[in-house]
Amino acid sequence: MESGANGDSIEKLQGLQITPLDDDDEEEREMVAYEYEDDDEDDGEDEEEQKPVTLGFLEKPKNRWSLLRHLFPSKAGGPPAWLDPINLPTGRSCLCDMCGEPLQFVLQVYAPIIEKESTFHRTLFLFMCPSMACLRRDQHEQWKRPPEKASRSVKVFRCQLPRSNPYYSSEPPKCNGTDKPSGPGVSLCNWCGTWKGDKVCSSCRRAHYCQQKHQVTHWRSGHKVECQQLNLSSPSSDSNLADAGTTSVASNSLWPEYEMINEDESEYDTEMSEVNGQTNALVSKTGVDDTMKSLLDSFEGDSDRRSWATFQEHLAKAPEQVLRYCRSAGAKALWPTSSGQLSKADIPKCSYCGGPRCFEFQILPQLLFYFGVSNDVDSLDWATMVVYTCESSCEANVSYKEEFVWVQHSLSSVP
Ligand SMILES: [Zn+2]
Ligand SMILES: [Zn+2]
Ligand SMILES: [Zn+2]
Ligand SMILES: [Zn+2]
C-alpha cells in the first residue's frame, strides 16, 4: 500500500528499536488495550469492546444503475446520490470555507433508523476540500463552538425522508435496473455533478453550473464545441436528460467511484478470515501482528503509540476497511493516537434541536488509497475522520442538516 496510515506506519515501525518478545505477549496486549479504554473517559463500561461495528469496504459498482439515488446506495467517490433531490445544500454550505472552492464528494452512508417514521430513509453525506493546506487550517477551526463560527474544509450532512415521500416509491426497489425515481431532481452542475446547477450557460441554456468557475472550466475543456452542437439540436432531445437519476459529469477531478459494501466486524474475529482469501490485503496480517507486538513491548508508556497499536490491531482484522460504523449507545471512535482525540464533553450539541450528538461512523485513511491520492508531503492525508450526528436524528426545516465531523490528523505529526 502506497498511501495512508498502514504504509507509513509499517515504515515507521521498521525503523524502531525492537526488544525481544515474551511468550505471554498476547495477554499483555489485551491488558494494554483495556487500560487505554478505561482511562479514556466517563462511564468506563466494560462492554465497550463488544459494540457491534459494521465495516465498509469499497468495490467497483456492479451495474451502471446500482449507485443511483433511488437505490439508496452507500458509495464513495464520483458524484453524490442525493437522497432529497430537490432541496440540496446551497450557498456557503457547498464551499470550502478556507479557499471558497466547491467541496468535493467523499462518501455517503445509507443509515436508516427503522424505529422512527421520519428516518425510514436516512443518508449521511461527507464532503471535503481536496487541498491539504485547507485541511491543515481546518484542524484549528474544528475546536470552535457556537456562537463562534468555525470555517471548515470538511462537512457532513444528514438527510432523511419518511417512507411516504414525493421522491421515491414506498415499495422497495427491485434492483434489476428497472427502478425509477418518482420524480426528477434539480439540475446538477454539469461540471462537478455534485451541487445544484442554478446558473445556466447563456448560449445553449442547457448546461447548468454551481459556480461560474465550473462553467469556465467546462467551457475550456470541451463545452465550447458541445455548446454549438446543443444549439443546433432540438431542445426537446435532452429535456429528460436532467434527471433519470443521472447527470453527466464532465469533470475528471472527482475521486473514482465505488460502491460501499458492509460487513460486520465480528465476521473477521476468527482466524478464518485469513483463510477466507485476504489475498488482496493491503497489509499482511502477520506483518502487522508482529510489528504491533514489538511496538507494545517497546512503548508501553507512550499513550500515543499504544493507542496506535490498538487501532492497528482492529485494522489488521480487515485491512481494507475504509469505514467503521456503529450507532449503538455509547459507541466510540477507534482513535489512532491518543492526542488529538475528541472527548465526549467536546462534541458540540446538535445545532438544530440542541440535543446531544453521538458517534456514528469514522473514516479511515485507506480511503485515500482507493482515491489514488499520492503520498507526497502536500497530499491529502488524515489519521481518521469521525462523524457525530444528532442522537435523536431530529427534524428541522432544512433538508440537509449539517452534522459534526472531527478530523484527527495523520501519524506523521505524532511526536
Ligand atoms: Zn479549500
Ligand atoms: Zn459545479
Ligand atoms: Zn452552453
Ligand atoms: Zn438534533
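Conventions adopted
- Residues numbered from 1 in each chain as written.
- Chains lettered and ligands numbered in written order.
- Predicted model: local features only at pLDDT ≥ 70, side-chain atom pairs only at ≥ 80, totals over all residues.
- Helix = DSSP H or I, 4+ residues; strand = E, 2+ residues; numbered from the N terminus.
- Buried ≥ 20, exposed ≤ 12 C-beta atoms within 10 Å, placed from the backbone.
- Contact = placed C-beta atoms within 7 Å.
- Core = buried A, V, L, I, M, F, W, Y, C linked by C-beta atoms within 7 Å.
- Domains from an automatic or database assignment.
- UniProt positions renumbered as here; feature names shortened; annotations may be inferred.
- Pairing = 2+ DSSP bridges.
- Expected span 1.5 Å × (residues − 1).
- Bend = angle between axes of the 7 residues up to and from the residue.

Student: How would you explain the overall build of the protein chain if you had to name every residue and give the values?
Tutor: For the protein chain, the helix and strand inventory stands at 8 helices and 12 strands. Taken across its 415 residues, the protein chain has 38% of its residues classed as buried. For the protein chain, the proportion of contacts with a sequence separation of at least 24, taken over those separated by at least 6, is 74%.

Student: Explain the nonpolar core to me, and be specific about the residues and the numbers.
Tutor: Here is a general trend for soluble globular proteins: nonpolar side chains tend to be buried in one another's company. Counting residues in hydrophobic clusters, the biggest one holds 80 residues, and the most contacted among them are Ala 76, Leu 126, Val 386, Val 387 and Val 405. Residue contributions to this core reach at least three from each of two domains, namely domain 1 (4-178 + 252-413) and domain 2 (187-242). Beyond its immediate stretch of four places on either side in the chain, Leu 126 contacts Val 106, Leu 107, Val 156, Val 387 and Val 405.

Student: Let's hear about the UniProt feature "domain: MYND-type" (unreviewed entry) in the protein chain: which residues, and what values?
Tutor: Those places that UniProt annotates as "domain: MYND-type" (unreviewed entry) correspond, in this numbering, to residues 189-227. With 41% helix and 10% strand, the stretch residues 189-227 has end C-alpha atoms that lie 15 Å from each other.

Student: Tell me about the environment of Gly 372, and name the residues and values.
Tutor: Here Gly 372 lies in the loop between helix H8 (366-370) and strand S11 (384-390). Gly 372 sits 117 residues away from Trp 255 along the chain, and the two C-alpha atoms are 7.9 Å apart.

Student: Account for the sheet that holds strand S3 (residues 104-110), with residues named and values stated.
Tutor: Ordered in space as S1-S8-S2-S3-S4-S5-S12-S11-S10-S9, the 10 strands form a closed barrel in which the pairing is antiparallel. Two strands pair when backbone bridges link them, and strand S10 (residues 357-363) and S11 are joined in this way by 6 bridges, in the antiparallel orientation. Bridge assignment links Cys 358 to a residue of S11, and that residue is Thr 389.

Student: Describe in detail helix H7 (residues 303-317), supporting the description with residues and values.
Tutor: The first and last C-alpha atoms of H7 sit 22 Å apart over 15 residues, in line with the 21 Å expected at 1.5 Å per residue. By the burial criterion, the buried members of H7 are Arg 305, Arg 306, Ser 307, Trp 308, Ala 309, Thr 310, Phe 311, Gln 312, Leu 315 and Ala 316.

Student: Could you give me a rundown of helix H4 (residues 212-232), with the residues and numbers involved?
Tutor: Between its first and last C-alpha atoms H4 spans 24 Å; for 21 residues at 1.5 Å apiece the expected length is 30 Å, and the helix comes up short by more than 12%. If you look at H4, its biggest bend is around 80°, right at Gly 222. Those residues of H4 that sit buried are His 214, Gln 215, His 218 and His 223. Buried positions along H4 lie against strand S6 (199-200) and strand S7 (208-209).

Student: How would you summarise the pairing of strand S8 (residues 258-264) if you had to cite specific residues and measurements?
Tutor: Relative to S8, strand S1 (residues 54-59) is paired through 6 bridges, and the arrangement is antiparallel. Across the sheet, the residue bridging to Thr 54 is Asp 264, located in S8. Looking at chain direction, strand S2 (residues 75-76) and S8 are connected through 2 bridges and run antiparallel. Residue pairing across strands places Ala 76 opposite Tyr 258, the latter belonging to S8.

Student: Lay out the pairing of strand S4 (residues 121-128) in plain terms, naming residues and giving numbers.
Tutor: Judged by how many residues are buried, S4 sits mostly within the fold: 8 of 8 residues are covered. Where burial is concerned, the two faces of S4 agree: the one with His 121, Thr 123, Phe 125 and Phe 127 and the one with Arg 122, Leu 124, Leu 126 and Met 128 are both buried. Examined bridge by bridge, S3 and S4 share 6 bridges and lie antiparallel to one another. Following the sheet pairing, Gln 104 is matched in S4 by Met 128. Summarising the sheet, S4 and strand S5 (residues 154-161) pair through 8 bridges and their orientation is antiparallel.

Student: Which residues make up unusual backbone geometry, and what values go with them?
Tutor: Most of the time, phi is negative for any residue but glycine, and the peptide bond is trans. Here Pro 146 and Pro 147 are connected by a cis peptide whose omega angle stands at 10°. Inspection of the secondary structure assignment puts Pro 147 in the loop between helix H3 (132-141) and S5. Located in the positive-phi region is Phe 72, a residue other than glycine, with phi close to 50°. With respect to the element layout, Phe 72 can be found in the loop between S1 and S2. For Arg 205, which is not glycine, the phi dihedral falls at a positive 60°. Its location among the elements puts Arg 205 in the loop between S6 and S7.

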